[in-house]
Amino acid sequence: METVSIEESYDQIVSFENVDYSHPNGTIALRNISFQLKPGELLAILGSNGAGKTTLVRHINGLLKATHGTVKVFGKDAKLSTAAKLSRKVGIVFQNPNNQLFEQSVKKEIQFALRNFGFMEALIEERTNWALKTFSLAEYADRPPMELSGGEKKRLCVALVLAWDPEILILDEPTVGQDSEQKENLVQIVKLLLSQKKTVILVTHDIEFVWPLQPRVILMSNGEIVADGECQETLSNESLMSKGSVLPPQLVEFSRLMGWSLPFPASTFEAKSLIEKATTRTRM
Amino acid sequence: MSLDRKMQWIAQGFLFVRGHTVVHRLDPRVRLITSLSLFSVALLSHSVEELSIIIAIVLTIAGIAKIIKRFAKSMLFTAVIALIAFALNLFFYPTSPHQAVVFGVRLFAVISSTSLFFLTSTPDELEHVMKWMRLPADFVMVFVIAVRFVPVLLLDALQIMDAQRSRGLEFDKGNIFQRMKNVIPVMVPLIAVALNRSLDLAEAMDSRAYGAAKKPTSLYHLALRRSDYAMLGIVLLGVVIGVYVSLYLILF
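Residues numbered from 1 in each chain as written. Chains lettered and ligands numbered in written order. Predicted model: local features only at pLDDT ≥ 70, side-chain atom pairs only at ≥ 80, totals over all residues.

What follows covers unusual backbone geometry. Residues and elements named next belong to chain A. With an omega of -5 degrees, the peptide bond between Leu262 and Pro263 qualifies as cis. One non-glycine residue with positive phi stands out, namely Asn18, at about 45 degrees. Mapped onto the fold, Asn18 is located in strand E1 (residues 14-22). One non-glycine residue with positive phi stands out, namely Gln214, at about 50 degrees. For Gln214, the position within the fold is in the loop between helix H7 (207-210) and strand E9 (216-221). Residue Gln214 is classed as partly exposed on the basis of its 17 C-beta neighbours within 10 Å. (Helix = DSSP H or I, 4+ residues; strand = E, 2+ residues; numbered from the N terminus. Buried ≥ 20, exposed ≤ 12 C-beta atoms within 10 Å, placed from the backbone.)

Put into structure tokens, the structure is as follows:
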């Protein structure tokens, strides 16, 4: 069995080549998926329910094995490794926190994976404290995870994955059940990870969460990739958006109304400064 | 094969798949009577030949219902149980090898004939049959919900296993005690999710006035058709022959 090594350098950290996947009951979930991901890249996978987004990312840490085609992670065929081994470098934060929390305390919950991956005791303590502090969970350290609120559970799930410091982080519907403040925190976490040269994949319906981050966008529909490109071009293309059954971000709609051309503002702050510039020009 | 693949493979043998064959179109009460008749004749039977005929009839009906693959999966475990029963009878009970074989084959015939009904009936049909049997409404509801939630719980279990494997847990590693310990990270969230779901369901049922009427009306009513009467006739004839043969073999 091959183990994943990141000491080598790769142009493509993840590579899908003509990947098809069928569920055991015969339903085709992915058709002819091909794309490559560079180290340190931010990718958002968008699409309607049942488009195949979650199925696609589950191939990256080996939870699912392609029926046809090849998935390479860190240059090695994902089929040749187990999910437990690949997960050391590919962390997935699952949509439903209740599907993974089982320990008697928040602290032990964070330590569970670190022990599975064979971390030294001193490092386990250090990483646990870092996760508790970074995600404002220190006050709940000795409480059972089941007693936390929905938002806190979600935060814990992100914390427990980041505790083992994976090279690739996949966030599956990270904004579900999160209020606006927590969403903003998530944006900051994603930015922090990118500054550390981590590769981040967002699987989401929440286009307003994605737009300020301006990631590369893959739009999926019926198990196929219908668009793969820059955020500005993809999310402002009406025909592509309708193919992927996704509504454009409010700032794109607003920019169109204002008659602006690409690149559209990524935040309300940028939009405000554009309006101020235009107003100043009109006055002059 | 990994543990979750094994679970999926096994579960497919027990889950209902809506079919459109002659067998599925029969009234569920007729299917129940057919299964019970085969069950009863198998219990009475004392010859391997007669039991083999019963198993052949069960297999033929499963074939007509196009459920032979799923049926074979569920019967795999029945075969193991039958083998154990045969071995126990042979080695720990003062009986002849022939009687031990009869016991094992009879057990297989009894379980397979019962499975036939469950593999060809929807939870809705189960509900209708249980109501027709005048079982208490609450009991029927609890039973039907339990049956209906089996695939949902299975899906939950697979998702939880995926989540824990993504945290470095290897289910197939270690000795028997380690493997038993590995099940805890699956069982705890599964029970928690199931309890939460049951509470949500209870609230949803309360808010839709479950229990408000002492005798709730039913939208669907079971009615026998010609094909059902024909099948009942065949079953009755089969039972008479089966009982006659069984008694003849016992008495003479």
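With 86 residues, the main nonpolar core has Ile45, Ala159, Leu160, Ile170 and Ile201 of chain A as its most contacted residues. At seven residues, helix H5 (residues 150-162) of chain A tops the list of elements feeding residues into this core. Once residues within four sequence positions are removed from consideration, Ile45 of chain A is found in contact with Lys53, Leu56, Val57, Ile201, Leu202, Val203, Ile218 and Met220 of chain A. Counting residues in each nonpolar core, the second largest holds 28 residues, with Val41, Ala62, Ala65 and Ala109 of chain B among its members. (Core = buried A, V, L, I, M, F, W, Y, C linked by C-beta atoms within 7 Å. Contact = placed C-beta atoms within 7 Å.)

Moving on: the domain arrangement of chain B. All names here are of chain B. Domain boundaries in chain B define domain 1 (27-121) and domain 2 (123-208). Centre-to-centre separation of domain 1 and domain 2, based on C-alpha positions: 28 Å. Each partner contributes residues to the interface: domain 1 has four residues there, and domain 2 has five residues. Residue composition of the side of domain 1 that touches domain 2, by class: two nonpolar, one polar and one charged. (Domains from an automatic or database assignment. Nonpolar A, V, L, I, M, F, W, Y, C, P; charged D, E, K, R; others polar.)

So, about the interface of chain A and chain B. Opposite the 20 residues of chain A that make contact, chain B presents 18 residues. Among the secondary structure elements, those contributing two or more residues to the side of chain A that touches chain B are helix H2 (83-86) and helix H3 (106-116) of chain A. With three residues, the top contributor of residues to the side of chain A that touches chain B is H3 of chain A. The residue inventory of the side of chain A that touches chain B, partitioned by class, reads twelve nonpolar, seven polar and one charged.

This part takes up the confidence of the model for chain A. A residue-level look at chain A finds 96% of positions with pLDDT of 70 or above and a mean pLDDT of 89. This stretch, residues 1-7 of chain A, has a pLDDT under 50; its non-local contacts, to residues over four places away or in other chains, come to 17 contacts. (pLDDT = per-residue confidence, 0-100.)

Under the 1.5 Å per step criterion, the end-to-end length of helix H3 (residues 28-44) of chain B is 24 Å for 17 residues, consistent within 8% with the ideal 24 Å. When we look at burial in H3 of chain B, the residues that qualify are Pro28, Val30, Arg31, Leu32, Thr34, Ser35, Ser37, Leu38, Val41 and Ala42 of chain B. (Expected span 1.5 Å × (residues − 1).)

All names here are of chain A. Strand order in this open sheet of four strands is E2-E1-E4-E5, and the pairing throughout is antiparallel. With one partner strand each, in any of the chains shown, strand E2 (28-37) and strand E5 (76-77) form the two edges of the open sheet. As paired elements, E1 and E2 share six bridges and run antiparallel to each other. In the strand pairing of E2, Ser22 is matched with Ile28. (Pairing = 2+ DSSP bridges.)

All names here are of chain A. The strand order across the open sheet built from six strands is E6-E7-E8-E3-E9-E10, with neighbouring strands paired in mixed fashion. A strand with exactly one partner marks an edge of an open sheet, and here the two such strands are strand E6 (90-93) and strand E10 (224-230). Strand-to-strand twist across the sheet, computed as the mean angle between neighbouring axes with direction ignored, equals 15 degrees. For strand E3 (residues 42-47) and strand E8 (residues 199-204), the ladder comprises five bridges, and the chain directions are parallel. Counterpart to Leu46 in the pairing with E8 is Thr204. (Axes fitted to C-alpha atoms, helices over the stretch in contact; angles between N-to-C directions.)

What follows deals with the packing of H3 of chain A against H5 of chain A. A pair of packed helices is captured by two measures, namely the crossing angle of their axes and the spacing between those axes. Residues and elements named next belong to chain A. Their axes nearest at 8 Å, the elements H3 and H5 cross at an angle of 40 degrees. Overall, the two elements H3 and H5 adopt an arrangement that is oblique. Here the hand of the crossing between H3 and H5 comes out right-handed. On H5, the residues that touch Val106, Glu109, Ile110 and Ala113 of H3 are Leu156, Ala159 and Leu160. Looking at the contact of H3 with H5 residue by residue, the class counts come to six nonpolar, no polar and one charged. (Parallel < 35°, antiparallel > 145°, perpendicular 65-115°, else oblique. Left-handed = near helix turned anticlockwise from the far one by under 90°.)

A few words on the pairing of strand E4 (residues 68-73) of chain A. Residues and elements named next belong to chain A. Of the strand pairs in this sheet, E1 and E4 are connected by five bridges, and their pairing is antiparallel. Bridging from a neighbouring strand, Glu17 pairs with Thr70 of E4. Pairing between E4 and E5: two bridges, direction antiparallel. Paired with Val73 across the strands is Lys76, a residue of E5. What sits between the antiparallel neighbours E4 and E5 is a turn of two residues, in which Phe74 has the positive phi angle 55 degrees.

Residue and element names in this part refer to chain B. At a minimum axis separation of 8 Å, helix H5 (residues 68-92) and helix H6 (residues 97-120) run at an interaxial angle of 155 degrees. Taken together, the axes of H5 and H6 are roughly antiparallel relative to one another. In this structure, H5 crosses over H6, and the sense of that crossing is right-handed. Partitioning the contact of H5 with H6 into residue classes produces 18 nonpolar, six polar and one charged.

Glancing now at the confidence of the model for chain B. Across chain B, pLDDT averages 87, with 92% of residues at or above 70. Confidence, read as mean pLDDT per element, is least for helix H1 (residues 3-12) of chain B in chain B (64) and greatest for H3 of chain B (93).

Examined against the element boundaries, Leu195 of chain B turns out to sit in helix H11 (residues 184-207). On a C-alpha basis, the gap between Leu195 of chain B and Val140 of chain B in space is 20 Å, while along the polypeptide they are 55 residues apart.

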